[in-house]
Amino acid sequence: MGDEAKKKRSVNGVDATGRQVADNVKRLRGGMTYKELSQRMADVGREITILGLRRIESGERKVDVDDLVAFAIVFDVSPLTLLLPESGSRDVKTHITGRPDELRCNQVWNWATVVQPLPSLERDEKAEELIERRAAFRERSKPQIDSARISEDTDADSGAKAITRMLAEAISGSTVPVSGDALKALAAIASGV
C-alpha cells in the first residue's frame, strides 16, 4: 500500500470524538447484550449487526450521524451524551476532533450546549472581545426556541408531566418562562381540581 493510500486511510479513521462516541456507546449499553442492542437499533430503523456494534465499541467502525441519533433514541439520552465526555468537570481534560489542544470537560460541554465558545487558539482575548465573540457564537449556534406551553387539547397526563417539567426547570434555575396558564394549571392540580 502506497504512502498516499495510507495517508488517506488515516484521514478517514476514527479520531478523538469518534473514540468518545465508542466509549459512550459501550458505557450506555451497560449490561445489554449486543444482540439486544442490535434488535433495538433495528426497531428504530437503524440496523447494525452484532459485529458492527463490537467494531463501533472497539473504534474500528465509525458512527455516522444517523447512527448517533438512533443510539441516542435507543439509550434515551441527548445526542450530546454520546458525543461528549461523561464528565463535565473542570478538573478532567479531554480531546475533541479538530482541536490540537487538551480542553477541560466543562469547556467542551459549555461549548456544545451553547453557553460559550471554545477558547481561542490564536491569541489571548481581552474581556470585551470575548463578550462580543460569545454573543456572536450564541446567535450563530442556537435558534430561538419557543417555550413549552400546555394547550387545552393536551391530555391530563401529558399536561401534568409538562407542568412537572416546567416546575422542575424553574426550581433548578433554568431560564424557561412559565406561563400564567401553566401556573393556573399547577394550582388546579395542587388543589385536586
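Quick caveat, the model's predicted, so the values are computed rather than measured. Numbers given to residues run from 1 along each chain, matching the order in which its sequence is written. The predicted origin of the model limits local features to residues at a pLDDT of at least 70 and limits the giving and counting of side-chain atom pairs to 80 or more, whereas totals for whole chains, interfaces and linings rest on all residues. In computing side-chain properties, one takes all heavy atoms of the structure into account and sets aside hydrogens as well as water.

*Asks:* With reference to specific residues and values, describe the pattern of salt bridges.
*Replies:* When a carboxyl oxygen of Asp or Glu lies within 4 Å of a side-chain nitrogen of Lys or Arg, that pair is called a salt bridge. This structure, assessed with the given rule, holds eight salt bridges. The salt bridge partner of Arg 55 is Glu 60, with a shortest N-O separation of 3.9 Å. For the exposure calls, accessible area comes from a 1.4 Å probe over protein chains only, and a residue counts as buried if that area is under 20% of its type's maximum, exposed if over 50%, partly exposed in between. Relative accessible area serves as the criterion here: at 36%, Arg 55 is assigned to the partly exposed category. A residue is classified by how much of its surface remains accessible, and Glu 60, at 54% relative accessible area, is exposed. For Arg 133, the salt bridge is made with Glu 125, and the minimal N-O distance between the two is 2.7 Å. Since its relative accessible area comes to 26%, Arg 133 is described here as partly exposed. Among the charged side chains, a network of salt bridges with common partners joins Arg 46, Arg 61, Asp 64 and Asp 67.

*Asks:* Can you explain the environment of Arg 133? Please cite residues and give values.
*Replies:* Each helix is a run of H or I in the DSSP string that is no shorter than four residues. Each strand is a run of E no shorter than two, and both are numbered from the N terminus. Mapped onto the elements of the fold, Arg 133 is located in helix H8 (residues 127-141). Sequence spacing of Arg 133 and Pro 117 is 16 residues, and the spatial spacing of their C-alpha atoms is 7.6 Å. Pairs of residues are marked as contacts when any of their non-hydrogen atoms sit within 4.5 Å. Setting aside chain neighbours within four positions, we find Arg 133 in contact with Pro 117, Leu 118, Pro 119, Ser 120 and Glu 125.

*Asks:* Mind laying out the layout of surface pockets, listing which residues take part and the relevant values?
*Replies:* Using protein atoms alone on a 1 Å grid, points that fit a 1.4 Å probe yet trap it form a cavity, whereas open point sets bounded by protein on both sides within 12 Å along at least five of seven lines form a pocket; residues with an atom within 4 Å of a point count as lining. Grid points are joined across faces, edges and corners, and a volume is the space filled by probe spheres set on the points. In this structure, the second largest pocket encloses a volume near 270 Å³. Around the second largest pocket, the lining is made up of 17 residues, and of these Thr 17, Gly 18, Val 21, Lys 62 and Val 63 lie nearest the centre. Contributions of two or more residues to the lining of the second largest pocket are made by helix H2 (16-29) and helix H5 (65-75). Of the residues forming the lining of the second largest pocket, the biggest block, four residues, is contributed by H2.

*Asks:* Outline the nonpolar core, listing residues and values.
*Replies:* For soluble globular proteins, nonpolar side chains are generally found buried alongside one another. Put simply, buried Ala, Val, Leu, Ile, Met, Phe, Trp, Tyr and Cys residues joined by side-chain atoms within 4.5 Å make one nonpolar core. Grouped together as the largest cluster of nonpolar side chains are 16 residues, with contacts concentrated most on Val 25, Leu 37, Met 41, Phe 71, Phe 75 and Leu 82. Breaking this core down by element, the ones donating at least two residues are H2, helix H3 (34-43), helix H4 (50-58) and H5. For this core, the leading source of residues is H5, giving six residues. When near neighbours in sequence (up to four residues on either side) are disregarded, Met 41 contacts Arg 46, Glu 47, Ile 48, Asp 67, Ala 70, Phe 71 and Val 74.

*Asks:* Just give me the short version of the packing of aromatic side chains, but keep the residues and values in it.
*Replies:* Stacked, edge-to-face and tilted labels apply to pairs of Phe, Tyr and Trp rings (six-membered ring for Trp) whose centres lie within 6.5 Å, assigned for plane angles under 30 degrees, over 60, and everything in between, in that order. This structure, assessed with the given rule, holds one aromatic pair. With a centroid separation of 5.9 Å and an interplanar angle of 10°, the aromatic rings of Phe 71 and Phe 75 are classed as stacked. Taken together, the residues Phe 71 and Phe 75, both in helix H5 and four residues apart, mark about one turn of the helix. We note that Phe 71, like Phe 75, is buried.

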